[in-house]
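Overview (structure and organization)
This is what each chain is made of:
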Amino acid sequence: MSRYRLLPSPAQEAVLRDHCAHARYVWNLAVEQHAHWRLGRKSAPGYLVQCRQLTQARAEYPWLAAGSQTVQQQALRDFAQAMVAFFDRQNPAGRPRWRKAGRDEGFRIVGRGTQWDLRRTSRKVGHVWIPKAGWLRFRWSRAVPDGVKSYRVTLDSAGRWHITFAAIPEPVPGPGNGATVGIDRGVVVSAALSTGALLTAPGLVTREQKRLRRLERKLARAKRCSNRRRQLKQALARLRARETGRRKDWAEKTSTDIARRFDVIRVEDLQIKNMTRSAKGTRENPGRNVRQKCGLNRGILRSGWGLLVRRLEDKASGRVERISPAYTSQTCSGCGHRDPESRESQSRFRCRACGLQVHADVNAARNIAAGHAVTARGGDGVARPVNREPQLLVS
Ligand SMILES: [Zn+2]
């Protein structure tokens with residue numbers, strides 16, 4: 001992903017703001033449709049049905065019809081993708097939420113050649129075509145990757161416009177020597193490799209965490225609709241963006257590194273979604289240890305594990321295998337003896353049979369590296385069959 005500063009004229013800016021409003025309107029309609037859906041009911045309308053509904057709505061409302069159809073359709077597509085991510089048990093994302101004016105401003109354009117195009121006019125300036133707005137200038141602050149297919153335009157809370165071009169990530173070739181690695185997801189460390197490496201996704205440093213908490217407290221006390229409140233919100237948003245940025249950067253570098261060093265990458269077939277959702281339980285069956293689980297769950301989601309696996313599947317498509325995590329933490333990776341007692345603590349494993357002592361997460365990672373795939377899936381992106389047949393791989 002590469003982001004550039006967009007420099008619209010006042011007239012163009014008005015068009016961009018309309019695009020944002022339309023995208024938000026359509027997205028929120030989709031959120032509302034799905035909010036009414038409950039388990040057991042007929043399913044909420046999918047992308048294609050929503051597209052037909054959009055066509056009808058455009059016929060009825062001139063305001064909507066005046067806008068770009070691409071912008072509106074892409075908002076539905078974004079929503080569909082957000083729902084897929086939400087329901088993906090392997091790499092869960094949050095439920096798509098309501099978009100607020102002034103907070104979530106943006107839209108996406110696809111279809112290079114028909115809907116949009118790109119040209120460089122000088123060393124520092126590029127022009128990009130945006131439907132209904134024409135050619136817009138942007139700062140050519142770094143090379144635009146080859147083969148970009150789509151872009152997203154966003155407006156931040158400070159009033160700055162940005163454009164982000166999306167290119168399909170280049171697959172990273174493996175070493176070709178059959179090297180296999182197992183990766184265990186941890187809470188304290190983000191990932192443990194069977195090679196013994198312990199990886200931690202960076203977050204905010206202590207000083208920044210303190211500042212974050214201080215700002216949150218101040219925000220809680222700030223008067224509604226005050227300038228002060230707006231400033232605090234901006235400062236908080238910047239801090240959170242910094243945290244997300246670091247994590248993304250880490251997932252990007254780590255996944256490239258792993259994809260380059262190993263031919264076969266085995267990860268736990270974790271159902272993080274279930275782990276993170278089980279705590280609250282239902283009214284009839286309230287969850288146990290809700291508080292403790294909340295803490296643990298935050299850790300899992302924060303550790304950047306889901307993001308790492310997603311990027312691995314993008315870059316090492318077809319080389320990532322899912323391994324059943326059953327007993328990987330109780331089994332000795334040296335002699336195969338299985339005993340829950342062997343796991344002495346969060347981080348310590350000492351085999352009751354052969355006495356092997358090793359970091360518990362590394363032990364699990366070694367078992368995963370030796371494991372047999374329960375499902376083998378490449379990095380596909382969106383469509384996934386609901387019932388996946390288990391595939392046993394000969395290794
Ligand atoms: Zn042993």
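Refer to the preceding data block for the structure.
Here we summarise the structure given alongside this text. (Residues numbered from 1 in each chain as written. Predicted model: local features only at pLDDT ≥ 70, side-chain atom pairs only at ≥ 80, totals over all residues. Heavy atoms only, no water.)

A word on the coordination of the zinc ion
Only C332 (SG), C335 (SG), C351 (SG) and C354 (SG) from the protein reach the zinc ion as donors, at distances of 2.3 Å. Coordination at the zinc ion is tetrahedral: its four donor atoms span angles of 106 to 113° at the metal. Written as a sequence motif, the donor residues of the zinc ion are C-x2-C-x15-C-x2-C. (Donors = N, O, S within 2.8 Å, 3.2 Å for Na, K, Ca; no water. Tetrahedral: all angles 85-135°; square planar, octahedral: opposite > 155°, others 65-115°.)

Some points on the sheet that holds strand β5 (residues 134-139)
With antiparallel pairing, seven strands are arranged side by side in an open sheet as β2-β6-β7-β1-β5-β4-β3. The sheet terminates laterally at β2 (105-109) and β3 (118-120), the two strands that pair on one side only. Looking at each pair of strands side by side, their axes are set apart by 30° on average, direction ignored. With two bridges joining them, strand β1 (residues 2-7) and β5 adopt antiparallel strand pairing. Bridge pairing in β5 links L7 to R137. The sheet contacts of helix α1 (residues 10-35) involve β1, β2, β4 (125-130), β5, β6 (150-155) and β7 (161-166), and relative to β2 the element is tilted by about 90°. Along the sheet, helix α4 (residues 69-87) makes contact with β2 and β6, crossing β2 at roughly 100°. (Pairing = 2+ DSSP bridges. Helix = DSSP H or I, 4+ residues; strand = E, 2+ residues; numbered from the N terminus. Axes fitted to C-alpha atoms, helices over the stretch in contact; angles between N-to-C directions. Contact = heavy atoms within 4.5 Å.)

Points about the pattern of salt bridges
Within the structure shown, the criterion is met by 21 salt bridges. With its nearest N and O atoms 2.7 Å apart, the salt bridge here joins R242 to E208. Of this pair, R242 sits in helix α6 (residues 227-261) while E208 sits in helix α5 (residues 206-221), placing them 34 residues apart in sequence. R242 gets classed as partly exposed once you look at its relative accessible area, which sits at 41%. Judged by relative accessible area, E208 falls into the buried class, the value being 4%. (Salt bridge = Lys/Arg side-chain N within 4 Å of Asp/Glu carboxyl O. Buried < 20%, exposed > 50% of the residue type's maximum accessible area, 1.4 Å probe, protein only.)

Some thoughts on the pairing of β7
Counting buried positions over the six residues of β7 gives five, a clear majority of the element. Note: β6 against β7, six bridges, orientation antiparallel. Within β7, the position partnered with V153 by the bridge is I163. The antiparallel pairing of β6 with β7 creates a hairpin that spans five residues between the two strands, and G159 there sits at a positive phi of about 85°.

Overview of the pairing of β4
Buried residues dominate β4, accounting for five of its six residues. Note that β3 and β4 share three bridges and pair antiparallel. Pairing of R120 across the sheet is with G126, part of β4. Here β3 folds back onto β4 in antiparallel fashion, the turn holding four residues. Looking at chain direction, β4 and β5 are connected through six bridges and run antiparallel. Pairing of H127 across the sheet is with R137, part of β5. Taking the residues that link successive antiparallel strands as the turn, the β4-β5 hairpin has three residues, and the phi of K132 there is positive, at about 70°.

With respect to a nonpolar patch on the surface
Nonpolar side chains collect at one region of the surface, where Y25, L29, Y61 and W63 lie side by side and expose about 400 Å² of accessible area between them. For Y25, the position within the fold is in helix α1. (Patch = residues over 30% accessible without salt bridge, like charges linked within 9 Å, V, L, I, M, F, W, Y side chains within 5 Å. Areas by Shrake-Rupley, 256 points an atom, 1.4 Å probe, with all protein chains shown as cover.)

Considering a positive patch on the surface
Residues K210, R211, R213, R214, R217, K218, R221, R228 and R238 make up a contiguous surface patch of positive charge. Every element with two or more residues in the positive patch is listed here: α5 and α6. Per-element tally for the positive patch: the top contributor is α5, with seven residues. Looking at where R238 falls in the secondary structure, it is placed in helix α6. When its relative accessible area of 51% is taken as the criterion, R238 is described as exposed. (Lys, Arg positive; Asp, Glu negative; His and termini not counted. Charge placed at Lys NZ, Arg CZ, Asp CG, Glu CD.)

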